[in-house]
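# Notes for the structure review
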Amino acid sequence: MPRVGVNGIELFYEVAGDGDPLVLVHGSWSDHAGWAPVLHALALRFRVLVYDRRGHSQSERPPGRGTRFEDEEDLAALIETLGFAPAYVAGNSFGASTALGLAARRPELVRGLVAHEPPLMGIVADDRELLPLMAATGEKIESVLASLRAGERRTGARRFVEEVALGPGAWDQLPEQLRETFITNAPTFMDEQADPQWAHLDLDLISGYTGPVLLTKGTASPPWFATIAARLSAALPQAETHTFQGAGHLPHISHPAAYVKRVTSFIEVTGRPSP
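Everything in this summary refers to the structure shown in the same document. Since the structure is predicted, the reported quantities are computational estimates derived from the model, not experimental observations.

### Points about the overall build of the protein chain
Counting its regular elements, the protein chain contains 12 helices and eight strands. Against the 2.2 N^0.38 benchmark of 19 Å for 275 residues, the protein chain shows a C-alpha radius of gyration of 17 Å, consistent with a compact globule. For the protein chain, the spread of C-alpha atoms along the principal axes amounts to about 55 × 45 × 30 Å. Long-range contacts, defined as pairs at least 24 residues apart, comprise 76% of the intrachain contacts of the protein chain with a sequence gap of at least 6. Of the roughly 11,500 Å² that the protein chain leaves accessible, carbon and sulfur atoms contribute 53%.

Here is the structure:
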């Protein structure tokens, strides 16, 4: 079981394949295994690093409240320690927020960036059309947290999946292993939500990142993800935007072939030398 010490903790990781370095950063609740539907196909073309973020599954769970800044620092240390710098970094949800934060602060480590639906609601908090929807979602998240505080991890995980992330009935459609992973990692979701900066990103700082960027979203996702992508695109004029038809918040699980095809195409095209 490979583990590496970074920033005073140990993180679980796996490396597969050969080629250009690609790091996959999972979102809240899940872990490295969430990338299983796309890992083999990506490893045919890239040297792929997957890992469990701090507080998740096989990585260490340090005491005290954590921050997304710590996740960004962990990602930076992994890339440097394991010889992946500079790497393409693809993140989903909270992992996309982490990848964007790293690109803003340590651009020399990020050769290219793929971000699917980062929940950066702080950067669209002034959008009056979205306010009622985001307020309603905030109430649902609070009900999830109430369940978790009461020790009802399974209930809280189900509520998050069906009321916040994926929609009614989605919990029973997830693989059993993924459901159990969500339950195991539920306490870390509470920790993430306690970070006052979890939903924010300095748009002025990220605008200094000049590498290639692919911002993706799904047609089945809540509307604020499209608005977040638009705000990020305005700050990153070099960014491409792609919409996964029929997909929601986890396209690498629900539409793995389409995800692999788009990520591979993005890296191959942007990685070509200029004529």
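Still more to cover.
### Re the sheet that holds strand β6 (residues 110-116)
Across the sheet, which stays open at both edges, the eight strands sit in the order β1-β2-β4-β3-β5-β6-β7-β8 with mixed pairing between neighbours. The open sheet has two edge strands, β1 (3-6) and β8 (240-244), and neither has a second partner. Averaged over all adjacent pairs, the angle separating strand axes in this sheet is 25 degrees, with direction ignored. The pairing of strand β7 (residues 213-218) with β8 spans five bridges and is parallel. Its bridge partner being in β8, T216 is matched across the sheet by H242. Packing of helix α3 (residues 94-105) onto the sheet brings it into contact with β3 (20-25), β5 (87-92) and β6, and relative to β6 it is tilted by some 150 degrees.

### Thoughts on the packing of aromatic side chains
Applying the stated criterion across every chain yields a total of seven aromatic pairs. Aromatic ring contacts, followed pair by pair, group W29, F160, F182 and F189 into a single cluster.

### Concerning helix α8 (residues 186-193)
Residues spaced three or four apart along an α-helix point in a common direction, a consequence of the helix completing one turn every 3.6 residues. Along α8, the positions that sit buried rather than exposed are A186, T188, F189, E192 and Q193. Down the axis of α8, the sector holding all buried residues measures 155 degrees, keeping them to one side.

### Considering the packing of helix α5 (residues 153-165) against helix α7 (residues 176-184)
Running from N to C, α5 and α7 point in directions that differ by 115 degrees, and their axes come no closer than 8 Å. Taken together, the axes of α5 and α7 lie roughly perpendicular to each other. Judged by the sense of rotation from one axis to the other, the crossing of α5 with α7 is right-handed. Here R153, R154, A157 and V161 of α5 come into contact with α7, specifically with E180, F182, I183 and T184. Looking at the contact of α5 with α7 residue by residue, the classes come out as four nonpolar, one polar and three charged.

### Let's talk about the environment of D204
Structurally, the position occupied by D204 is in helix α9 (residues 203-206). Residue D204 is classed as exposed on the basis of its relative accessible area of 68%. Distance from D204 to A104, taken between C-alpha atoms, is 8.9 Å for residues 100 residues apart in sequence.

### Quick word on the pairing of strand β4 (residues 46-51)
The element β4 is largely enclosed, with a buried count of five among its six residues. Two elements, strand β2 (residues 9-16) and β4, share four bridges in a ladder whose sense is antiparallel. Looking across to β4, one finds that E14 is bridged to V50. Bridge count for β3 against β4 is five bridges, and the pairing is parallel. Bridge pairing in β4 links P21 to R47. For the crossover that starts at β3, traverses helix α1 (residues 36-43) and ends in the parallel β4, the hand is right-handed.

What counts as what
- Residues numbered from 1 in each chain as written.
- Predicted model: local features only at pLDDT ≥ 70, side-chain atom pairs only at ≥ 80, totals over all residues.
- Heavy atoms only, no water.
- Helix = DSSP H or I, 4+ residues; strand = E, 2+ residues; numbered from the N terminus.
- Rg over C-alpha atoms; globule rule 2.2 N^0.38 Å.
- Contact = heavy atoms within 4.5 Å.
- Areas by Shrake-Rupley, 256 points an atom, 1.4 Å probe, with all protein chains shown as cover.
- Pairing = 2+ DSSP bridges.
- Axes fitted to C-alpha atoms, helices over the stretch in contact; angles between N-to-C directions.
- Phe/Tyr/Trp six-rings, centres within 6.5 Å; stacked < 30°, edge-to-face > 60°.
- Buried < 20%, exposed > 50% of the residue type's maximum accessible area, 1.4 Å probe, protein only.
- Arc of directions from axis to C-beta.
- Parallel < 35°, antiparallel > 145°, perpendicular 65-115°, else oblique.
- Left-handed = near helix turned anticlockwise from the far one by under 90°.
- Nonpolar A, V, L, I, M, F, W, Y, C, P; charged D, E, K, R; others polar.
- Right-handed = clockwise from strand over helix to strand, strands pointing away.

Read these as geometric descriptors, not functional statements.
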